[in-house]
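# Understanding the architecture of this molecule
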Amino acid sequence: MHKIGVFVCWCGSNIAATVDVKAVAEAASKEPCVVYATDYQYMCSESGQNLIIDAIKEHNLTGVVICSCSPRMHETTFRKAAQKAGLNPYMVEIANIREQCSWIHKDMAEATAKAIVLARAAIAKVQLNKPLIAGESEVTKRCLVIGGGIAGIQTALDVAEAGFPVDIVEKKPTIGGKMAQLDKTFPTLDCAACILTPRMVEAGAHENITLHTYSEVEEVSGFVGNFTVKIRKKARKVKMDLCTGCGLCTEKCPMKKQPNEFNMGLDKRGAIYIPFAQAVPKVPVIDVEACLKFKTGKCGICSKVCTAGAIDYEQQDEIIEQKYGAIVLATGFDQIKPTKFGELGYSQYPDVVTSLEYERLMNAAGPTKGHLLRPSDGKPPKEIVFVQCVGSRGQSCRDKSYCSKVCCMYTAKHAILTKDHYPDTNIHVFYIDERTPGKNFDEFYRRAVEQYGVDYIKGQVGKVYEENGKLMVQGSDLLANEQITLAADMVVLAAAIEPDKTARSLGTMLTASMDTNDFFTEAHAKLRPVESPTAGVFLSGMCQGPKDIPETVSQAGAAAVKVIGLLTKDKLLGNPCVAHSDEMLCNGCSQCARVCPYGAITYVDKEFRVPGPKRVETRRVAVVNEAVCQGCGACTVTCPSTAMDLKGFSNRQIMSEVDAICK
Amino acid sequence: MSSVNNEREEILRMSGVDPTKCMKCGKCSGTCPAFDAMEYHPHQFVSMVNKGNIEPLKQSNAIWQCLSCFACMERCPRDVKPAKLIEAVRLTVIREQGMNHLESENVPCMLDPELPQQAIVSAFRKYSK
Ligand SMILES: Cc1cc2nc3c(=O)[nH]c(=O)nc-3n(C[C@H](O)[C@H](O)[C@H](O)COP(=O)(O)OP(=O)(O)OC[C@H]3O[C@@H](n4cnc5c(N)ncnc54)[C@H](O)[C@@H]3O)c2cc1C
Ligand code: SF4
Ligand code: SF4
Ligand code: SF4
Ligand code: SF4
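Residues numbered from 1 in each chain as written. Chains lettered and ligands numbered in written order. Predicted model: local features only at pLDDT ≥ 70, side-chain atom pairs only at ≥ 80, totals over all residues. Heavy atoms only, no water.

## Here we look at the overall build of chain B
Broken down by element type, chain B carries nine helices and zero strands. Mapped in sequence order, the helices and strands of chain B form the string α-α-α-α-α-α-α-α-α. For chain B, the spread of C-alpha atoms along the principal axes amounts to about 45 × 30 × 25 Å. The buried share among the 129 residues of chain B stands at 47%. (Helix = DSSP H or I, 4+ residues; strand = E, 2+ residues; numbered from the N terminus. Buried < 20%, exposed > 50% of the residue type's maximum accessible area, 1.4 Å probe, protein only.)

As C-alpha cells, this is what we get:
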C-alpha cells in the first residue's frame, strides 16, 4: 500500500491568485493512499524542498505529487529533493497547475476545480510508478560546427582551445561567411578583413580544428553525446594536398564570365576560382556548370598550367562519417533580394542596390577596387538615397515581421564612410525609427548627422522612377508633412535579413525546433539562449536571430562553454523513461521500428516454450536499445498488439490518469 | 464624446481597418499620387481616425480628392489599408446627407467609349453608398 504526499505550491501569486491552494490540498488529502497534503508559498525554494524531504522521512512516503509549474521548470529539482530523502526520483509526479491552469483561467472556482482534477490524476498515476534507474551513455569527445562564418569560427576556436577536436562543415569553398564581404564594421570602423582574417587563419591552422569546406551535412542520427553524422565533401576537382594556392589556374581560365558570388554578382570570375584573396583554405574550386572541360571535354588549361599537378577532373564527391558528442548550428543568414518591391526598382535599375552590394562597392578588394562607382555607367554618385527597413517589420506577404536589427547601424556606417571618402556627396536616409541600442551605437549615428551632415528623413519611399538619367525617389517627410521627390544617382536598400535557406532542412535532420521565420529557437528565451531544445544541439550567431558581430561573437563563446561543459563529462545519465517491449505480446510485425525516429528498435529471433508436442517455437520480437531510445512514445501508440510500453508513462498509468479525471 | 466614439467605431467597422497596426512609416503618404491635392494625407487619416478626430476629415476636401487608386493600401507594410478608411469617412458623409452622389440610372448618359470600366467601378465606390 502506497503512502503518498501531496505538495501544493502557491508560486507566490502566480498560482495562489487564481487557484485556492488550500482547497486543493484539502481535496487531495481525501484521495486514496494520500497520507499527507500541504500547501506552501514556494515549493522550489530551499525551505520548500526541505519541507518535502522532511515529509518523506517523517511519513515514510513512497510517492510524491507536486502541484506546481510545468515539469519542464522544476521536475529535476523535485526529483533531486526526493532522492536526497532516499526516495527513488521517479516516484515523483508533477501536476501542472500553473501553465495549464492558473495562467489560463480567470475564474477562481473553475481554476480550483481543475487544479483538483489535475492533482487527482497525478495521484492516480504515481500509485503505478515504479522506481527507475537511469542508464549511462558514453560521450564522444568531438564537436561538429555547421557553418563557418564568424559565429562558427569563434565557437570552434573556443572549443578547440579547451582541448577538444572540432570539425567545421562549411558549404562554401572558404570559411568567413558574410563578415568577409563587409568593408568596415560599426561602431569602431575597423576593417572587417583585418579582424576576421587572423581568426580564419587560426581556425585553419589549429591542431584541434578540421575544416570541411565545400561540404554539407547529409544525415544525422543518434542523440546527445553520441551523434553520427554523414558529411558530403563536394568534389572541388582540385587536390587539396597538392595545391599551393598560387592562383595561376584562376588567371588562365578562359571562362571568365561567371557572376562572382563574393562580389554579389557585380563582377565576374572564372570557372576555376578562389572566392577571395584571404580564403581559407586557399584552394580553388571548379564550377563544373561553367567549366569548358566539363561542358565540351575540351580546354584543360588549368591542368596544363598547374605545376603542382593539383587539378583532378575525375575527383568525385566523398562521404565521410564521423561521431560527435555535440553539434553547433552556425548557419547564419542572407540578405533578401528585394525583387518583390517593384516600386523601389531594384530589378529595373542597376543603380538601385542592396546594402551588401554597397559594401562590395566600397571595398578595396571589391569590383571597383574601392572607388565608389555606380554600376550602370561607372560614374561616381553625388546624390545617394538610403532606404531603411526594406522588407522588415511588415505584415504583408512581402515582408518579414521582425526588425533586422543591424540595418540602422550599417546604414549610418555607409553614410559616414561615404562622406569620409567623398565629402561632396549628398546623403539622404529614409527611416521609420532609428534603432541604435548598443554600446556607442547612438553616438555613432549622431556623428553621421552632426559631424557628417547626413540628411535623415522620417518617412518611407513610395516609388523610384527614372527621369533624365536620374533616379527620382518619391517619399514622405512625415515631420514636414510633405511629399518630397529627390533626384538621386544611386539608391541603397537596407533589405531585410533572413536565415540561410538550408536551415530548415538541417533543423528537420536534427529535430532542432525553429520559429515561423526559420530562425532556430532556443531552449529558453532568457535562461538558455544558446541551447536548442534538442539536447546536445547548440546555437551560435545569426541563425538564432538577427544580431551584429559583437553579439554574434559573445553568443558563439557562450555556445562553446556549453559544448565544453558537455564534452568534459565522460558519461551522461540517460533518461530511464524509455520504451520496452513485452516479448509475450510482440508478434514481430516491424511497425514500431518504422516509426522510431532514433532507430532504437531492432528485432531478434527468440525461442519460446509453447504447449503441445513442439515444446519450443522461434519467434521474431522487438528489442529496444535503451541508450538510443528517447522515450518519445511513437512506438507505443503504433504497436497493434500493445506490446510496446513506455516506462514512467505506461498505458496503464495514462489510463488511470484519464479515469481519475473522468471520475 | 460618445457620439464621436461611435463614429470612430462605425468607421472602423465599415472599413475593417485596425489603425493601431500602423507603425507611422509614411509609406502610404510617400506613395499617394494625390498627396498635394489632399490637405490630410493617408497616414493622417489613420492617426486622426484612431484618435477619434474625425470631423476635420469629414469637412475636408481630401476625401473627394483621393483617387481611390489604392496605392497606399497596396504598399502599406503593415496591411493597414488607409484607402479603406478614407472611403469609410467619405461614406459617412454621403450617408449623413442621405443622398448618393451617383445614381445608377444616371450612368448610361455619362458613358463614353474612352472611359475605362474601372473608372465607373471606382466612381461608384466613391460617390454612392
Ligand atoms: C550589409 C551588412 C552590413 C553589416 N555590417 C556590420 C557591421 O558593420 N558591424 C557588425 O557588427 N555587424 C554587421 N553586419 C552583421 C554581420 O554580418 C553578422 O552579425 C555576422 O556576419 C553574423 O555571422 P554568422 O556567422 O552568424 O553568419 P554568416 O556570416 O552568415 O555565416 C554563416 C556561414 O554558414 C554557412 N552555412 C550556411 N548554411 C550552411 C549549411 N547548411 N551547411 C554548411 N554551411 C552553411 C554560410 O555559407 C556562412 O559561411 C552587417 C550585415 C549586413 C547584411
Ligand atoms: S590548382 Fe594548381 S595552379 Fe591552381 S592554385 Fe592550386 S597549385 Fe596553383
Ligand atoms: S534595424 Fe533599423 S532599418 Fe533595420 S529593420 Fe530595424 S528599424 Fe528597420
Ligand atoms: S487611395 Fe487615395 S490616399 Fe491612397 S494613395 Fe490613392 S489617392 Fe492617395
Ligand atoms: S503605410 Fe501603413 S503603416 Fe505606414 S504610415 Fe501608412 S498606414 Fe501606417
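## Examining the packing of aromatic side chains
Residues and elements named next belong to chain A. If you walk through the whole model with that rule in mind, you get eight aromatic pairs over all chains. With 5.4 Å between their ring centres and 90° between their planes, Phe-186 and Phe-441 make a pair best called edge-to-face. A residue pair is termed long-range when its members are at least 10 positions apart, and Phe-186 in the loop between strand 8 (184-185) and strand 9 (190-191) and Phe-441 in helix 13 (residues 441-450) qualify at 255 residues. Owing to a relative accessible area of 12%, Phe-186 belongs among the buried residues under this scheme. Note on Tyr-431 and Tyr-456: the rings are 5.9 Å apart at their centroids and 65° apart in plane angle, and the pair reads as edge-to-face. (Phe/Tyr/Trp six-rings, centres within 6.5 Å; stacked < 30°, edge-to-face > 60°.)

## Overview of the domain arrangement of chain B
Interface size is commonly expressed as the accessible area that is lost once the parts come together. As far as domains go, chain B holds domain 1 (3-98) and domain 2 (100-129). Averaged C-alpha coordinates put domain 1 of chain B and domain 2 of chain B at centres separated by 22 Å. (Domains from an automatic or database assignment.)

## Description of the side chain of Glu-170 of chain A
All names here are of chain A. Note that Glu-170 resides in strand 7 (residues 166-170). Buried and unpaired, Glu-170 has no salt bridge, with Lys-172 as the nearest side chain of opposite charge at 5.4 Å. Leaving out residues up to four positions away in the same chain, Glu-170 has contacts with Gly-147, Gly-148, Gly-149, Ile-175, His-212, Thr-213, Tyr-214 and Ser-215. (Lys, Arg positive; Asp, Glu negative; His and termini not counted. Salt bridge = Lys/Arg side-chain N within 4 Å of Asp/Glu carboxyl O. Contact = heavy atoms within 4.5 Å.)

## Quick word on the site of ligand 2
The full set of residues close to ligand 2 is Val-238, Cys-243, Thr-244, Gly-245, Cys-246, Gly-247, Cys-249, Pro-284, Cys-306, Ala-310 and Ile-311 of chain A. Its residues assigned to classes, the shell around ligand 2 shows eight nonpolar, three polar and no charged. (Near = heavy atom within 4 Å. Nonpolar A, V, L, I, M, F, W, Y, C, P; charged D, E, K, R; others polar.)

## Quick notes on the sheet that holds strand 3 (residues 63-68) of chain A
All names here are of chain A. Read from one edge to the other, the open sheet built from four strands follows the order 2-1-3-4, with strand pairing classed as parallel. Each edge of the open sheet carries a strand with a single partner, namely strand 2 (34-40) and strand 4 (92-96). The sheet shows a mean angle of 15° between the axes of neighbouring strands, taken without regard to direction. Of the strand pairs in this sheet, strand 1 (residues 4-9) and strand 3 are connected by five bridges, and their pairing is parallel. Bridge pairing in strand 3 places Val-6 opposite Val-65. Here helix 2 (residues 46-59) sits on the sheet in contact with strand 1, strand 2 and strand 3, set at roughly 165° to strand 2. (Pairing = 2+ DSSP bridges. Axes fitted to C-alpha atoms, helices over the stretch in contact; angles between N-to-C directions.)

## Digging into the site of ligand 5
Residues and elements named next belong to chain B. The immediate surroundings of ligand 5 are formed by 14 residues, with Cys-22, Cys-25, Gly-26, Cys-28 and Cys-76 found nearest. For the shell around ligand 5, the elements supplying multiple residues, two or more each, are helix 2 (27-31) and helix 3 (42-51). Grouping the constituent residues of the shell around ligand 5 by class yields nine nonpolar, two polar and three charged.

## Points about the pairing of strand 11 (residues 215-223) of chain A
All names here are of chain A. Two strands pair when backbone bridges link them, and strand 11 and strand 12 (residues 226-233) are joined in this way by eight bridges, in the antiparallel orientation. Looking at strand 12, one finds that Glu-216 is bridged to Arg-232. Counted between consecutive antiparallel strands, the loop separating strand 11 from strand 12 contains two residues, among which Gly-225 sits at a positive phi close to 85°.

## Observations concerning the environment of Asp-477 of chain A
Residue and element names in this part refer to chain A. Relative to the assigned elements, Asp-477 resides in strand 25 (residues 470-477). Taking relative accessible area as the criterion, Asp-477 reaches 18% and is therefore assigned buried. Separated by 144 residues in sequence, Asp-477 and Val-621 have C-alpha atoms that sit 75 Å apart. In contact with Asp-477, not counting residues within four places along its chain, are Ile-457, Lys-458, Glu-482 and Ile-484.

## Structural notes on the pattern of salt bridges
Oppositely charged side chains can pair when the atoms bearing their charge come close. Under the counting rule described, the total for this entry stands at 45 salt bridges over all chains. Between Lys-27 of chain B and Glu-343 of chain A there is a salt bridge; the shortest N-O distance is 2.9 Å. Remark: Glu-343 of chain A occurs in the loop between strand 19 (333-335) and strand 20 (352-354) and Lys-27 of chain B occurs in helix 2; the pair is interchain, linking two chains. Summarising the burial analysis for this pair, Lys-27 of chain B and Glu-343 of chain A share the class buried. Glu-531 of chain A is paired through a salt bridge with Lys-562 of chain A; the nearest N and O atoms lie 4.0 Å apart. Remark: Lys-562 of chain A occurs in helix 15 (residues 549-567) and Glu-531 of chain A occurs in the loop between helix 14 (503-510) and strand 29 (537-539); sequence separation between them is 31 residues. Taking relative accessible area as the criterion, Lys-562 of chain A reaches 38% and is therefore assigned partly exposed. Connected through salt bridges with shared partners, the residues Glu-343 and Arg-398 of chain A together with Lys-27 and Arg-75 of chain B form a single ionic network.

## Some points on a nonpolar patch on the surface
Residue and element names in this part refer to chain A. A contiguous nonpolar patch, built from Phe-649, Ile-654, Met-655 and Val-658 and spanning about 340 Å² of accessible area, is present on the exposed surface. Looking at the secondary structure, you find Val-658 in helix 18 (residues 651-662). A residue is classified by how much of its surface remains accessible, and Val-658, at 36% relative accessible area, is partly exposed. (Patch = residues over 30% accessible without salt bridge, like charges linked within 9 Å, V, L, I, M, F, W, Y side chains within 5 Å. Areas by Shrake-Rupley, 256 points an atom, 1.4 Å probe, with all protein chains shown as cover.)

## Notes on the packing of helix 12 (residues 407-421) of chain A against helix 13 of chain A
Between two packed helices, both the angle of their axes relative to each other and the distance between the axes serve to describe the pair. All names here are of chain A. Relative orientation of the contacting elements helix 12 and helix 13 amounts to 40°, with a least axis distance of 9 Å. In terms of axis orientation, helix 12 runs oblique to helix 13. You can see that helix 12 and helix 13 cross each other, and the crossing is left-handed. For the pair helix 12 and helix 13, contact is made by Met-409, Ala-412, Lys-413 and Ile-416 and by Phe-441, Phe-444, Tyr-445, Arg-447 and Ala-448, respectively. Here the contact of helix 12 with helix 13 is built from residues that sort into seven nonpolar, no polar and two charged. (Parallel < 35°, antiparallel > 145°, perpendicular 65-115°, else oblique. Left-handed = near helix turned anticlockwise from the far one by under 90°.)

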